[in-house]
Structures are given as C-alpha cells and as structure tokens.
Amino acid sequence: MKPLLAAVAIALPLLAACGDSNQRLVNNDEYGDYRGGRARNRPQGANAGLVVFGVDKDREAREAAAAGGAAGLSVNAYLWRATLDTLSFMPLASADPFGGTIITDWYTPAGATNERFRAQAYVLGRQLRSDGVKVQLFRQTLERGQWVDSPVSASTNADMEDKVLARARELRSQSASR
Amino acid sequence: MRKILLGTTAVVGAALLAPSFAAAQEAPTVRIGGFFRAYYGYTQQTGRNSTAPGATGSTLPTGVAGATGNLPPDAPGGNQARLSKNDFSTDGEVHVFVNGKTANGLSYGAVIEMAFNQQEGRNIVQQRSSTGKTTASIDEWYAFVASPTWGQVRFGDEDGPVGGLMNSGVITNFGTGGVYGDRESFVTRQANDRTTTSPGSLGDATKIIYLSPQFFGFDFGASFAFNYNEGEDTGCSTNQSSGYCDSSYAFTGASGVGIAAAGPNFSARRNEYQGAARWRGSLAGVGLSVTGGYVGAGAARELTPVAGTQARVFNNLNVYQVGAQATAYGLTVGAQYEHGDSNFFWGNTFRGDRPMDQFFAGASYTAGPFTFGGNYVMQTVEGASRSAFSGPAADAGSKSGLVASTAAPGSAGFGAGLMRRLGYGIGGNYRIAPGMDIVAEYSSYTVAERGRDLNPSNPGTQDKATAKVFILGTRIAF
C-alpha cells in the first residue's frame, strides 16, 4: 500500500502539470470550510476582510474598474480622456488605449512658424494617480531651411502632465457629482 | 515609475521562469475577516434532566462526577431538575489572512483563524482556577504556497481533502447548515445525541496537504497527518507515553479513545492520510460536482500496565466516500455515501466491529436573498462494542486483548451492536446585506441502539435519544 501511495503522490502532480491550457489554479474559496462553512457567507469570498497591512490590489482593481469602467480600456479612463483633451490642440497621429500611448503629429504654433512640437503621452495604469501619466514633448526649430532637434525644458513636460492631471481631476469630480 | 519598472521586471522574470503564466509581484497583504453569530435556540432533548444516582439504578457517566451532586438520592417520582428549553448562543471567529505573490507567479500566505469556544463544558477545577467557555483557541491555521502549474501545498492545522475541502453532495448552504449546522451549540452530550460525523469533524490535525490545479475539470488532493493533534508542543505531561502525547503510538487507555475524547484532542488515531478526486463541470446548463475520496489511519496500541504488552485493539480507520451534487436555476441537490471501518465521530473501531455506513442527502433552493433547504443523514455504526479490552488477556498472549462482552441487555457493558443514527434539518436564511443573514432552522437527531442504556444517569434502559432544536438568529461574515 505504501509504495503505491508514494507512487501516486509523485505521479499525480506530474500528471497535473500536463493539463497545460486546460489547467488553472483552484481558488481558495472553491474548497469547503467545514468549521461551519462560513467562508461562503463572506461578501467577497476568499478576498474578504479588511486590509490592515499592505496594498489592497483587489480594492484598487474594483475601484479602477468602477472609476474607469469603460469597456476596452486597459488604462484609467479619466487619465486617458484628460490626455486626449489636453493634447487635442495638436493633430493626432496615433492613440492606443490598450497600451496607453498617444502620439501626435508635428504642430506649429500660430505665433512661431520657425518651431514645431510633437508629443508622446503614456497613460501608465488603471489607477488615477499623479504618476499615472507621462508626457514627452519634442521640439524642432527651423534653421536655414532644415528642421533641427532642439531641447525642451524639463519643466515643459511636467507642466503638460500637470495639465492632464488637472483635467483628469475635473473629469473625475464631474462624474462623481453626477 | 519605480513600481512600473518593478512590475515589468517581474513580468520578464515570470516569463523566463514560468513561460505560460506572467504575473506581477505583489507585496503581501494582511486582512482581517471572520464571523459572528447570535442565535436563540429552543431545544427538546430526551434525558436533559438530572436525577441523582441511587435507588432506581441510575448511575453517573464517567467523567462528570459532581454534575448531579446537588440532588439528594432518588425519591419515588421526584428529584428531577430539567434543563431549560430556551437559550441564547453566541459564537465568533477572527480570521487573519496573509496573501502575497512572488515575481515568478507563486502565491503564498497564511491563514490564522482565532476561535473563542475552547471549552464546551465549564470546568471548575478549583476555586479561582478554571477557564470560561469563551476561552480563545485556534480553529485552523496554516501556511500555503500555490502555483498555477503544480497546485497548492497547505501545511498546518486544516481540514483535509476528504474532511471538508473537496466534498461533493454535502448540502449545508441554508440555515445554519441543517443537521450539520450549529444545532450542537444547544444540545448536551448525553447519549452522544449529536451529528458529528460531518466531513469537517474528521478534524484539523496538523497535516500537510497537496491540492492539484484543475485540469479538464478534474482536481485532486491528498493529505497526511502523523496524529490527531494540533498546535505546538508534544502534549506530554511527563516522560511517560500517554494519550496526551501527540506522538505516542502505544499508551495505557488507548482503547477508550478510539472515538476522540471531547476537548483535549485525545484520540488513538495515528498516521491519517486522505485522498480525494473531484470533477466539476456543466452539462446542458446544470452545474455538476462529483467527488470520490478515501481516508485511512492507523491507531495507537493499548499498553497494559502490568507486563507492558502492546495490543492492537483497533481496526485502521478505513473509509471510502462518494458524493455528487447538481445545481441549476438556484436549485442544488446532492447526496453522499460513506462506508468503511469507522465509528461515529470518525472514531477507530475495535477489531471485529462492524463497519460504518452513512448516507447523506440534501437540497437547497436560492431565490434572490432567500435560501431554503433541507438535509438528511442516516448512519449505522457499531454501538456499544461487542468486546472490551482486557489487560490480562493481552498479557496472556491475545493479540488484540479484546474479550467478547457477555453482559445482559440493559446492563452496563452490554454490547448490542448496531447503533442507528438518524437526523434531518430544514431551514432558511434571508440575506439582509452582503455577508449578513437572518437564519431560521429546525433539526432533529436520534440515536437508537436496541437494548443498550444510552443514558445511564436516568433510571431504566433508555435505548433511544432524540434532540430537536429550533434556531432563530443572525450571523455576519466579514
């Protein structure tokens, strides 16, 4: 009996590892809890309770889903919308809501015809947070008929990000008051 | 940004280590959860009264000396004090959950469930030297590591795959659980009129558990425990091998604890192993779950105090279990059958005793916030054992040391044999809010064994005992 059990004990996990795509981890709340079977009564099953230490990923996910719940977006909807709004004065070259990237085409401000700008923005996650968006501006100036790369002051990028965040805050408070 | 970088690094790491499962590292969280419940109970139970030992032949069961010491000896037709039928009962647990995930996709954590019902009976040892019923204790605690590739390992005091984790057909999701519910909070132990051969009653002995991932609808689990005990320390009160020692494989008095003694995890069970396989899936919109399982265990040997002979008085615990349930449109029906060498309370039987048969059936229906249901259990086991351990017989060469009982029906030690245990419960609950229910339930449980006095503290031969409990109350899980 014992060698058989040992063989089974070794063989079964190996067998289980062969399931491949038909395989998944069984969640903790799929097992019974016989000291009264109380786990089933918990509002969120195995993710029940109050987080007293650490980051509550489930809650973040829930809130992000509730806040930015637009289907098809894998980034925070407020940040995404705010970035689009903020960069809307420039022509849009590409926008990928799954990767969270927005890339504009070259844009020349009305008052300064010898310089042009281009922007790349990244919305970085599902959470509405201050480091959730990154904007990078590129500037070129016209020198002797040639567009030449020239530096952008670091504060310009930060200013753009602040504008996006301010707009996101606006959108958030608008939807909250609805 | 740093978080993002960490996250992407983790994804790369996961991609290298476990190609099919990319996951980001998660710092551990600590959660507090648990439950609290408060019930009113109305109990009708045979023999829930005290009569003094004396003229009419009633005797006190062992271990309860003093329980009826406040009564004078029996007088004809008098001197009975009944227990009240009405009572409130509260219980709660605080659970701590630790959960984290490593960069390569392993989930890990621990569960610590603090209970506050250590003592079933109040035991005044001396003046100012006693513990209350609500003394804190541990229900379950274990650590786990889980991977989508190879499953989960739990290590600690926890139910096994057969003992609660993976059963099918045990329908208890209504009221307080019907016949396996909280009724025992209101029932006294007289005549063992309780329903404790539920899956979870197999015990939370410290064990190591393997639970496989699910593949093609199947998952399976196995567990092993060296003995019946939980927690740290040896349990030994001295150097002597005694039943209190977690790991003693032979001790004097083992023959008395084939069925575990209440309270101190005092049992003869040793080397318990469980294995279960489960299939879950759906056919034509009907959710199905089927489980087959086995639990086996050895038993400590009885040690004679005179010659030190070790006698194998017990059969191994040896129980097969099959169960199935189906769910559709809120209706769940299920049944479970168990057969093998075991007594009630999952006790080890004496050698030569009959095996246990147990059949359970239940159904429940959920509609919106309401759930109703009923369940039924029927068990036959060896009752008063047909034999008793005799030290001299073991010393004289008998391997089991068991001597057939010759006592007359109705007298102490009479081995009538077949004990029937029947119970049913019906109940319902209404969900006030997520996690909070109002529950109502009625359950009845009967123990019968022809010719055997199940209740020696009452006069005459009481060969049938019934307890009926009505519960109304509330509970919240958080």
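No experiment lies behind these values; they were computed from the predicted model shown. Along each chain, the written sequence defines residue order, and numbers are assigned to residues from 1. Written order determines the labels here, with chains lettered from A and ligands numbered from 1. Local features are withheld for residues below a pLDDT of 70 in this predicted model, meaning they are given only at 70 or higher, and side-chain atom pairs are given and counted only at 80 or more; totals for whole chains, interfaces and linings count all residues.

**Brief notes about the overall build of chain A**
Working definition: helices are DSSP H or I runs of at least four residues, strands are E runs of at least two. Numbering for both runs from the N terminus. The secondary structure content of chain A amounts to 4 helices and 7 strands. Traced from its N-terminal end to its C-terminal end, chain A shows the element sequence α-β-β-α-α-β-β-β-β-β-α. Looking at chain A as a whole, 25% of its 178 residues are labelled buried. In this description, any two residues whose backbone-derived C-beta atoms lie within 7 Å of each other are considered to be in contact. Summarising the internal contacts of chain A: among those between residues at least 6 apart in sequence, 44% fall at separations of at least 24. Put plainly, a residue is buried at 20 or more neighbouring C-beta atoms within 10 Å of its own, exposed at 12 or fewer, and partly exposed in between, counting only other residues' C-beta atoms, which are placed from the backbone.

**Some thoughts on the overall build of chain B**
Looking only at helices and strands, one finds 3 helices and 26 strands in chain B. Split into buried and exposed, the 478 residues of chain B put 43% on the buried side. Looking at chain B alone, contacts between residues at least 24 apart form 64% of all its contacts between residues at least 6 apart.

**Digging into the nonpolar core**
In these notes, a nonpolar core means any group of buried Ala, Val, Leu, Ile, Met, Phe, Trp, Tyr and Cys residues linked to one another through C-beta atoms within 7 Å. Among the nonpolar cores identified, the biggest contains 36 residues, and Ala254(B), Ala268(B), Val295(B), Ala299(B), Val313(B), Phe314(B) and Leu317(B) are the most heavily contacted of them. Listing elements by their share of this core, those giving two or more residues are α2 (161-165), β12 (218-227), β15 (286-299) and β18 (317-328) of chain B. Beyond its immediate stretch of four places on either side in the chain, Leu317(B) contacts Arg269(B), Val295(B), Gly296(B), Ala297(B), Asp341(B), Ser342(B), Trp346(B) and Asn348(B). Ala82(A), Leu87(A), Met90(A) and Leu165(A) belong to the second-largest nonpolar core, a separate cluster that totals 19 residues.

**A short note on the sheet that holds strand β17 (residues 310-311) of chain B**
If you trace the 3 strands from one edge of the open sheet to the other, you get β13-β16-β17 (chain B), paired in mixed fashion. The strands lining the two open edges of the sheet, one partner per strand, are β13 (250-251) and β17 of chain B. One bridge is not enough; two strands pair if DSSP finds at least two bridges between them.

**What about helix α3 (residues 77-86) of chain A?**
For α3(A), the buried fraction is high: 7 of the 10 residues fall into the buried class. Here α3(A) has its buried residues at Ala77(A), Tyr78(A), Leu79(A), Trp80(A), Ala82(A), Thr83(A) and Thr86(A).

**Regarding the sheet that holds strand β6 (residues 133-143) of chain A**
All names here are of chain A. Strands sit in the order β3-β4-β5-β6-β7 across an open sheet of 5 strands; the sheet is antiparallel. Strands at the two margins of the open sheet, each flanked by one partner only, are β3 (92-96) and β7 (146-150). Sheet twist, expressed as the average angle between the axes of neighbouring strands with direction ignored, equals 15°. The pairing of strand β4 (residues 101-104) with strand β5 (residues 115-123) spans 3 bridges and is classified as antiparallel. Across the sheet, the residue bridging to Ile102 is Ala121, located in β5. On top of the sheet, α3 reaches β3, β4, β5 and β6; it is set at about 175° to β5, its chief contact. Where helices are involved, their axes are fitted lines through C-alpha atoms of the stretch in contact, as for all axes, and angles between N-to-C directions lie from 0 to 180°.

**Details of the confidence of the model for chain B**
Residue and element names in this part refer to chain B. Of all residues in chain B, 83% have pLDDT values of 70 or greater, and the mean over the chain is 84. In the predicted structure, residues 1-22 sits below a pLDDT of 50 and forms 24 contacts with residues beyond four places in sequence or in another chain. Every residue carries a pLDDT, the predictor's confidence in it, which falls somewhere between 0 and 100. A low-confidence stretch, residues 61-75 (pLDDT under 50), is modelled with 26 contacts involving residues beyond four sequence positions or located in other chains.

**A word on the environment of Gly347(B)**
All names here are of chain B. Relative to the helices and strands, Gly347 resides in the loop between β19 (331-341) and β20 (356-367). Exposure remark for Gly347: the 23 C-beta atoms within 10 Å place this residue in the buried category. Each C-alpha atom, one on Gly347 and one on Asn318, is 10 Å from the other, the two residues being 29 residues apart in sequence. Non-local contacts of Gly347, meaning those with residues more than four positions away in its chain, are made with Gly258, Ile259, Ala260 and Ser342.

**Some points on unusual backbone geometry**
Residue and element names in this part refer to chain B. The phi torsion at Phe345 lies on the positive side, around 60°, for a residue other than glycine. Examined against the element boundaries, Phe345 turns out to sit in the loop between β19 and β20. Judged by the 19 C-beta atoms lying within 10 Å of it, Phe345 is partly exposed. The backbone of Trp346 sits at a positive phi, close to 55°, despite the residue not being glycine. Tracing the backbone through its elements, the reader meets Trp346 in the loop between β19 and β20.

**Focus: the environment of Arg189(B)**
All names here are of chain B. One can find Arg189 in the loop between α2 and β10 (206-211). Assessed through the 13 C-beta atoms surrounding it within 10 Å, Arg189 is described here as partly exposed. Along the backbone, Arg189 and Phe218 are 29 residues apart, and their C-alpha atoms lie at a distance of 40 Å.

**Describing the pairing of strand β1 (residues 26-45) of chain B**
Two faces belong to every sheet, and in a regular strand the side chains alternate between them. By the bridge criterion, 3 bridges tie strand β2 (residues 50-53) of chain A to β1(B) in an arrangement that is antiparallel. Bridged to Leu50(A) within β1(B) is Ile32(B). Of the pairings in the sheet, the one linking β1(B) to strand β4 (residues 86-101) of chain B comprises 15 bridges and is antiparallel in character. Bridged to Tyr40(B) within β4(B) is Phe88(B). The pairing of β1(B) with strand β26 (residues 464-477) of chain B spans 11 bridges and is classified as antiparallel. Residue pairing in the sheet places Gly41(B) in a bridge with Ile471(B) of β26(B).

**Focus on the confidence of the model for chain A**
Averaged over chain A, the pLDDT score is 79; the fraction of residues at 70 or greater is 70%. Confidence, read as mean pLDDT per element, is least for helix α1 (residues 2-16) of chain A in chain A (65) and greatest for β4(A) (93).

**Some remarks on the environment of Ala250(B)**
All names here are of chain B. Within the element layout of this structure, Ala250 appears in strand β13. Overall, Ala250 belongs to the partly exposed group, with 18 C-beta atoms counted inside 10 Å. Along the primary structure Ala250 and Arg301 are separated by 51 residues, whereas in three dimensions their C-alpha atoms are 4.3 Å apart. In this structure Ala250 touches Ser241, Ala300, Arg301, Leu303 and Gln310, once residues within four positions along its chain are discounted.

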